[in-house]
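These are the residues of each chain, in order.
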Amino acid sequence: REHVLRRHFIHRLLAWSGAVILVDRTSARQRDVLRAAEAVVAAGGTLALFPEGKINDGSTGEAVLPLEPGAAVIARRSDAPILPLAIAGTSELYFRRQVILQVGVPFSPERSHRRDDATTDRIREALLSLLPPTPKTGRWQPGRWLARLA
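Rules and cut-offs
- Residues numbered from 1 in each chain as written.
- Predicted model: local features only at pLDDT ≥ 70, side-chain atom pairs only at ≥ 80, totals over all residues.
- Heavy atoms only, no water.
- Helix = DSSP H or I, 4+ residues; strand = E, 2+ residues; numbered from the N terminus.
- Buried < 20%, exposed > 50% of the residue type's maximum accessible area, 1.4 Å probe, protein only.
- Contact = heavy atoms within 4.5 Å.
- Areas by Shrake-Rupley, 256 points an atom, 1.4 Å probe, with all protein chains shown as cover.
- Salt bridge = Lys/Arg side-chain N within 4 Å of Asp/Glu carboxyl O.
- Pairing = 2+ DSSP bridges.
- pLDDT = per-residue confidence, 0-100.
- Core = buried A, V, L, I, M, F, W, Y, C linked by side-chain atoms within 4.5 Å.
- Patch = residues over 30% accessible without salt bridge, like charges linked within 9 Å, V, L, I, M, F, W, Y side chains within 5 Å.
- Axes fitted to C-alpha atoms, helices over the stretch in contact; angles between N-to-C directions.
- Parallel < 35°, antiparallel > 145°, perpendicular 65-115°, else oblique.
- Left-handed = near helix turned anticlockwise from the far one by under 90°.
- Nonpolar A, V, L, I, M, F, W, Y, C, P; charged D, E, K, R; others polar.
- Expected span 1.5 Å × (residues − 1).
- Arc of directions from axis to C-beta.

**Side note on the overall build of the protein chain**
When helices and strands are counted, the protein chain shows five helices and two strands. Its helices and strands taken in sequence order, the protein chain reads α-α-α-α-β-β-α from the N to the C terminus. Put simply, the protein chain has 150 residues, and 30% of those count as buried. Taking the intrachain contacts of the protein chain between residues at least 6 apart in sequence as the baseline, contacts between residues at least 24 apart amount to 58%. Counting every atom, the protein chain has about 10,400 Å² of accessible surface; 55% of that belongs to carbon and sulfur.

In structure tokens, the structure reads:
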């Protein structure tokens, strides 16, 4: 996303790794992102998406931000199952920070492109049902600067 593109070191590191599909939503080349994601799935790879489209820092008060439709579109076009995964504790990152992951039950996307909104709604419902409470912050927070990298 754009916030990663602005941090040149992280952008170069992620691009070099080859393990990340960088998305610039201001670009007219969104089909290239879909093709790259579909190629990962077609090759038998695992594709992890963050359908909120940005980092939820908690400033809006919403547990889950509105979701972008990309995950539903990619899953439908690739005929890939969706495995919901909720993450809590990432709004403040530092060494020894507790982060909690909750894994949901895989499900198949709707078959019709007209039903992508229904698949996106189902992803949102799954994330909300899985989202664990935010872990307590510790008194000692070494490396608190890590949160500024996101």
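From this point, things continue past the structure.
**Considering the pattern of salt bridges**
Counted by the stated rule, this structure contains six salt bridges. Notably, a salt bridge pairs Asp79 with Arg111, separated by 2.5 Å at the nearest N-O pair. Of this pair, Asp79 sits in the loop between α4 (70-78) and β1 (85-88) while Arg111 is found in the loop between β2 (100-103) and α5 (116-130), placing the two residues 32 residues apart along the sequence.

**Some thoughts on the pairing of β1**
Taking every second residue as pointing to the same face, the buried face of β1 carries Ala86 and Ala88, while none of Leu85 and Ile87 on the other face is buried. Strand direction decides the pairing type here: β1 and β2, joined by four bridges, are antiparallel. The residue bridging Ile87 from the neighbouring strand is Leu101, located in β2.

**Some thoughts on the confidence of the model for the protein chain**
Averaged over all residues, the pLDDT of the protein chain equals 82, while 85% of them reach at least 70. Per-element confidence in the protein chain ranges from a low mean pLDDT of 56 for helix α1 (residues 2-5) to a high of 95 for α5.

**Side note on the nonpolar core**
Within the largest apolar cluster, 10 residues are counted, these being Val64, Leu67, Ala71, Ala75, Ile82, Ala86, Phe107, Ile123, Leu127 and Leu130. Where this core is concerned, the elements lending two or more residues are α4 and α5. The dominant element in this core, judged by the number of residues it contributes, is α5, at three residues. Once residues lying within four places of it in the same chain are set aside, the contact partners of Phe107 are Pro81, Ile82, Pro84, Thr119, Arg122 and Ile123.

**Side note on a nonpolar patch on the surface**
On the surface, Phe50, Leu83, Leu85, Ile87, Val99, Leu101 and Val103 cluster together into a nonpolar patch covering about 650 Å² of accessible area. Secondary-structure elements contributing two or more residues to the nonpolar patch are β1 and β2. Summarising the element assignment, Leu101 is placed in strand β2.

**So, the side chain of Asp116**
Tracing the sequence through the fold places Asp116 in helix α5. Judged by relative accessible area, Asp116 falls into the buried class, the value being 9%. Apart from residues lying up to four places away in sequence, Asp116 is in contact with Ala72, Val73 and Arg76.

**Things to note about the packing of helix α3 (residues 30-42) against α4**
Interaxial distance between α3 and α4 falls to 10 Å at its minimum, and their mutual angle equals 50 degrees. Compared by their axis directions, α3 and α4 come out oblique. Two packed elements cross with a definite hand, and for α3 against α4 that hand is right-handed. Contacts from Leu34, Ala37, Glu38 and Val41 in α3 reach Val73, Ile74, Arg77 and Ser78 in α4. For the contact of α3 with α4, the residue count by class is five nonpolar, one polar and two charged.

**Digging into α3**
Spanning 13 residues, α3 covers 18 Å between terminal C-alpha atoms, matching the ideal 18 Å at 1.5 Å per step. Along α3, the positions that sit buried rather than exposed are Val33, Leu34, Ala37 and Glu38. Looking straight down α3, one finds that the buried residues subtend no more than 130 degrees of arc, so they occupy a single side. Pointing more than 90 degrees away from the buried face of α3 are the exposed residues Arg31 and Ala42. Packed against the buried residues of α3 are α4. Directly beyond the C-terminal end of α3, a positive phi value near 85 degrees is found at Gly44.

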